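Architecture at a glance
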Amino acid sequence: TTATSWLIFLEELKEYRKAEEQGLLRRLPCKEGDTVWCLTSANTKAVECTVLWIELHRNGSVVFSLDGGLGDVVLAHLGKTWFISKEDAEEHLVS
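Everything numeric in this text was worked out from a predicted model, so none of it was measured.

For the rest of this paragraph, the subject is helix α1 (residues 2-21). For α1, which comprises 20 residues, the first-to-last C-alpha distance of 29 Å matches the rise-based estimate of 28 Å (1.5 Å per residue) to within 8%. A positive phi of about 75 degrees marks G23, the residue just after α1.

Moving on, we come to the pattern of salt bridges. Applying the stated criterion to the full structure yields four salt bridges. Between E20 and R27 there is a salt bridge; the shortest N-O distance is 2.9 Å. Of the residues examined, R27 reaches a relative accessible area of 68% and is grouped as exposed. Taking the shortest distance from any N to any O, the salt bridge between K86 and E90 comes out at 4.0 Å. Here E90 and K86 lie together in helix α2 (residues 86-91), a separation of four residues that amounts to about one turn. According to the relative accessible area criterion, K86 is partly exposed, its value standing at 35%. The class of E90 is partly exposed, set by a relative accessible area of 40%.

Glancing now at the packing of aromatic side chains. One pass over the structure, following the stated rule, counts two aromatic pairs. Between the aromatic rings of W6 and F9, the centroid separation amounts to 5.6 Å while the plane-to-plane angle is 90 degrees, which identifies the pairing as edge-to-face. Here W6 pairs with F9, and both are found in helix α1, just three residues apart, close to one helical turn. Using a relative accessible area of 42% as the deciding quantity, one classes F9 as partly exposed. Geometrically, the ring pair formed by F64 and W82 is tilted, given 4.9 Å between the ring centres and 50 degrees between the ring planes.

In this section: the pairing of strand β1 (residues 35-39). Taking burial as the measure, the five residues of β1 include four buried ones, the bulk of the element. The pairing of β1 with strand β2 (residues 46-56) spans five bridges and is antiparallel. Each bridged residue has a counterpart across the sheet, and for C38 the counterpart in β2 is V47. Here β1 folds back onto β2 in antiparallel fashion, the turn holding six residues, of which N43 has a positive phi close to 60 degrees. Two elements, β1 and strand β5 (residues 82-83), share two bridges in a ladder whose sense is antiparallel. Bridge assignment links W37 to a residue of β5, and that residue is F83.

Definitions and cut-offs
Chains are numbered independently. Their residues run from 1 in the order of the written sequence. Where local features are concerned, this predicted model is filtered to residues with pLDDT of at least 70; where side-chain atom pairs are given and counted, the filter is 80 or more; whole-chain, interface and lining totals use all residues. Only heavy atoms go into the side-chain values, all of them from the structure, while hydrogens and water stay out. Runs of E in the DSSP output that reach at least two residues are strands. Runs of H or I that reach at least four are helices, and both are numbered from the N terminus. Given the number of residues in a helix, its expected span is that number minus one, multiplied by 1.5 Å. For salt bridges, the criterion is a side-chain nitrogen of Lys or Arg within 4 Å of an Asp or Glu carboxyl oxygen. The buried label goes to any residue with under 20% of its type's maximum accessible area, the exposed label to any with over 50%, and the partly exposed label to all in between, with areas taken from a 1.4 Å probe on protein chains only. Two aromatic rings from Phe, Tyr or Trp, using only the six-membered ring of Trp, form a pair when their centres are within 6.5 Å; if the ring planes differ by under 30 degrees the pair is stacked, by over 60 it is edge-to-face, and anything between is tilted. Strands were regarded as paired on the criterion that DSSP finds at least two bridges between them.

Next comes the structure, spelled out in structure tokens:
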């Protein structure tokens, strides 16, 4: 029934919230296959990259492996050296 479906849904939601509160669940800004934008070392150009895979390291850091010859980036550098949108990346370019 619909009521039973809602109860199951609410129980699952409660479990997700509990896991998130315990630090067992992370929300990532993108997924494998998504396009992200990286700044070159001189911050003069935004380069389009694709997320190849995502790793969670034992120390808790989240690493995104990218194509485009730029290697890996860490979640902690989002908004500093790599960005979800081209517009955000271009705001950080040095002319």
